[in-house]
Amino acid sequence: MNAINHSAAAPNMGRKDPLARRLLKLIGAENLSLMIALAIMVALICSQTEFFFSARNILNIGQNMAVMGLIAVGMTLVIVSAGLDISVGSIAGCASVVCALMVSQAGTVLGGVAFGIGIGAILGLVNATIINYLRVNPVVATLATFSAFRGVAFLIAPGGRPVGALDPNLAWLGSGRILQIGSFPGLPVAFIILIIAAIAGHFIMTSTVFGRSIYSMGGNPAAARLAGIKLTRMRFIIYAISGALSGLAGVIVTARTSSGQPASGTQGLELEAITAVFLGGALLAGGKGTIMGTMLAVLLLATLSNGMNLLGIPTFYQLVAKGLLLVIAVAIGQWRLARAERRQARLAATGGN
């Protein structure tokens, strides 16, 4: 009997999963709705304009994803850990100005990039310090630092105006392209940076003890503490990573505009990043969310903005649409949470039968 079972199981052990199943596992079944929504949106846009699928426009979407996407990767870690960071746009503004000052006054692009990322990490640590030691709710704490960091960005910019940073090496980070072969215009460098950050974030969240600890502290902080997870230290690391990625986003802004932009924090970057994370399946209560879902949502938001621009829809309508998407995303997340709780209650009532 054992031999029969062994021989019957052997073909299954050697059989590889179909490609479609492996893709579904990578994307996540919970993200299929995002894929469907994206396909419908692309179909609607293409029915109204013939320019959407041009190579230049597709690459522009990829390039425009970079700033929001980098912030959203860090925001995913924060929200999954049951936190929130409203100050990320202001952090990007500070980093943008610091990077521009280093390039214009010290003449070092590498130093500008390093200082931009570094100031982002430091400001992230400031947020974590307020949350950890002053016991301030993350929403209130980062709402306060959103305003404070924005003021700092304007204070360090001479006269509160954009700081010029004309350097071809820096500009290459924001608008340069690689792999330009034949008629292919090449991949935007900023998009490649986003992909590297997303892959790193996905690996951390799915394949490391640190990533599993993030889910644990978001899902059940008391149990995580009893399991030996140092919540205070975890929060410092998470907010520092989020701040560093926001700083890198600010550097990309400087590279694209050839100037440090203290007003970056007033352009709704935090709203877009938070919307992307919730659209990607994260819960407001924490403990759930993926980098893959966030990146699909970033692509959906970037496609929406690009399509509206191609169709000549005014900017204020775009703001209304993004606000509605945030409400819908949070509502869907709360509905999923309530459904899961009801299912667990039914299982508990029936003894798991």
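Residues numbered from 1 in each chain as written. Predicted model: local features only at pLDDT ≥ 70, side-chain atom pairs only at ≥ 80, totals over all residues. Heavy atoms only, no water.

S.K.: So what about the overall build of the chain? Which residues, and what values?
M.R.: When helices and strands are counted, the chain shows 15 helices and 4 strands. Within the chain, the proportion of its 353 residues that are buried is 46%. Sequence-distant contacts, at least 24 apart, represent 76% of the contacts inside the chain between residues at least 6 apart. (Helix = DSSP H or I, 4+ residues; strand = E, 2+ residues; numbered from the N terminus. Buried < 20%, exposed > 50% of the residue type's maximum accessible area, 1.4 Å probe, protein only. Contact = heavy atoms within 4.5 Å.)

S.K.: Any chance you could break down the packing of aromatic side chains for me, citing the residues and the numbers?
M.R.: Under the criterion given, the structure shown has 3 aromatic pairs. A ring pair is formed by Y133 and F236, whose centres lie 5.8 Å apart and whose planes are at 50°; its orientation type is tilted. Linking Y133 in helix α6 (residues 109–133) with F236 in helix α12 (residues 231–257), this pair joins segments that are 103 residues apart in sequence. Y133 sits in the exposed class, given a relative accessible area of 56%. On the numbers, 4.7 Å between centres and 40° between planes, the contact of F316 with Y317 is tilted. (Phe/Tyr/Trp six-rings, centres within 6.5 Å; stacked < 30°, edge-to-face > 60°.)

S.K.: Tell me about the nonpolar core, and name the residues and values.
M.R.: Formed by 85 residues in total, the largest nonpolar core has its most connected members in L70 and L170. Of the residues forming this core, the biggest block, 14 residues, is contributed by helix α4 (residues 55–80). Not counting residues within four places of it along the chain, the set of residues in contact with L70 comprises I193, L194, A197, L245, L248, A249 and I252. With 5 residues, the next largest nonpolar core counts I91, C94, L123 and A153 among its residues. (Core = buried A, V, L, I, M, F, W, Y, C linked by side-chain atoms within 4.5 Å.)

S.K.: How would you summarise the confidence of the model for the chain if you had to cite specific residues and measurements?
M.R.: Counting all residues, the mean pLDDT for the chain is 86, and 90% of those residues have values of 70 or more. In the model of the chain, helix α1 (residues 2–14) stands out as the element of lowest mean pLDDT, 46, in contrast to α6, which has the highest, 96. Within the model, pLDDT remains below 50 along residues 1–11, and this stretch shows 0 contacts once partners closer than five positions in the same chain are excluded. (pLDDT = per-residue confidence, 0-100.)

S.K.: Outline helix α7 (residues 138–156), supporting the account with residue identities and numerical values.
M.R.: When the terminal C-alpha atoms of α7 are compared, their 26 Å separation across 19 residues agrees well with the 27 Å that a helix rising 1.5 Å per residue should span. Listed as buried for α7 are P138, A141, T142, T145, F146, F149 and A153. Contacts made by the buried residues of α7 are with α5 (88–106), α6, α12 and α13 (269–279). Two to three positions downstream of the cap, the backbone nitrogen of V139 sits 2.8 Å from a side-chain oxygen, assigning the N-cap of α7 to N137. (Expected span 1.5 Å × (residues − 1). Polar contact = N/O pair within 3.5 Å; in protein donor to acceptor, adjacent residues only side chain to side chain.)

S.K.: An account of unusual backbone geometry is requested, with residue identities and associated values reported.
M.R.: Here the phi dihedral of A82 falls at roughly 75°; this positive angle occurs in a residue that is not glycine. Take A82: it is sitting in the loop between α4 and α5. For A82, a relative accessible area of 36% translates into the label partly exposed. For S258, which is not glycine, the phi torsion reads 55° and is therefore positive. Its location among the elements puts S258 in the loop between α12 and β4 (259–260).

S.K.: Residues and numbers for a nonpolar patch on the surface, please.
M.R.: Taken together, V320, L324, I328, I332 and W335 make up a surface patch of nonpolar side chains, about 480 Å² in accessible area. Topologically, W335 is positioned in helix α15 (residues 315–349). Exposure remark for W335: the relative accessible area of 48% places this residue in the partly exposed category. (Patch = residues over 30% accessible without salt bridge, like charges linked within 9 Å, V, L, I, M, F, W, Y side chains within 5 Å. Areas by Shrake-Rupley, 256 points an atom, 1.4 Å probe, with all protein chains shown as cover. Salt bridge = Lys/Arg side-chain N within 4 Å of Asp/Glu carboxyl O.)

S.K.: So what's going on with a positive patch on the surface? Residues and values would help.
M.R.: A surface patch of like charges, here positive, comprises R339, R342, R343 and R346. Secondary-structure assignment places R339 in helix α15. (Lys, Arg positive; Asp, Glu negative; His and termini not counted. Charge placed at Lys NZ, Arg CZ, Asp CG, Glu CD.)

S.K.: Report on helix α14 (residues 291–310), specifying residues and quantitative values.
M.R.: Over its 20 residues, α14 runs 28 Å from end to end, which matches the ideal 28 Å to within 8%, given 1.5 Å per residue. Within two residues after α14, G312 carries a phi angle of roughly 75°, on the positive side.

S.K.: Let's hear about the packing of α5 against α6: which residues, and what values?
M.R.: Where α5 meets α6, the closest approach of the two axes is 8 Å, and the angle between their N-to-C directions is 150°. Considered as vectors, α5 and α6 are oriented roughly antiparallel to each other. Between α5 and α6 the crossing geometry is right-handed. Packed against α5, whose contacting residues are I91, C94, A95, V98, C99, M102 and V103, the element α6 presents V109, G111, G112, V113, F115, G116, I119, G120, L123, G124 and N127 at the interface. Considered class by class, the residues forming the contact of α5 with α6 number 12 nonpolar, 6 polar and no charged. (Axes fitted to C-alpha atoms, helices over the stretch in contact; angles between N-to-C directions. Parallel < 35°, antiparallel > 145°, perpendicular 65-115°, else oblique. Left-handed = near helix turned anticlockwise from the far one by under 90°. Nonpolar A, V, L, I, M, F, W, Y, C, P; charged D, E, K, R; others polar.)

S.K.: Give a detailed account of the side chain of T294, specifying residues and quantitative values.
M.R.: Examined against the element boundaries, T294 turns out to sit in helix α14. Since its relative accessible area comes to 1%, T294 is described here as buried. Within the structure, the side chain of T294 is placed 2.8 Å from the side chain of T76, a separation counted as a polar contact.

S.K.: Tell me about the packing of helix α9 (residues 189–207) against helix α10 (residues 209–219), and please be specific about residues and values.
M.R.: Across the interface, α9 lies against α10 with an axial gap of 5 Å and an inter-helix angle of 75°. Judged on the interaxial angle alone, α10 and α9 are roughly perpendicular. Facing I204, M205 and S207 of α9, the residues of α10 in contact are F210, G211, R212, I214 and Y215.

S.K.: Residues and numbers for the environment of A92, please.
M.R.: Mapped onto the elements, A92 comes out in helix α5. Of the residues examined, A92 reaches a relative accessible area of 0% and is grouped as buried. Expressed as a C-alpha distance, the spacing of A92 and R150, which sit 58 residues apart in the sequence, is 9.2 Å. Beyond its immediate stretch of four places on either side in the chain, A92 contacts S246, G250, S264 and L269.

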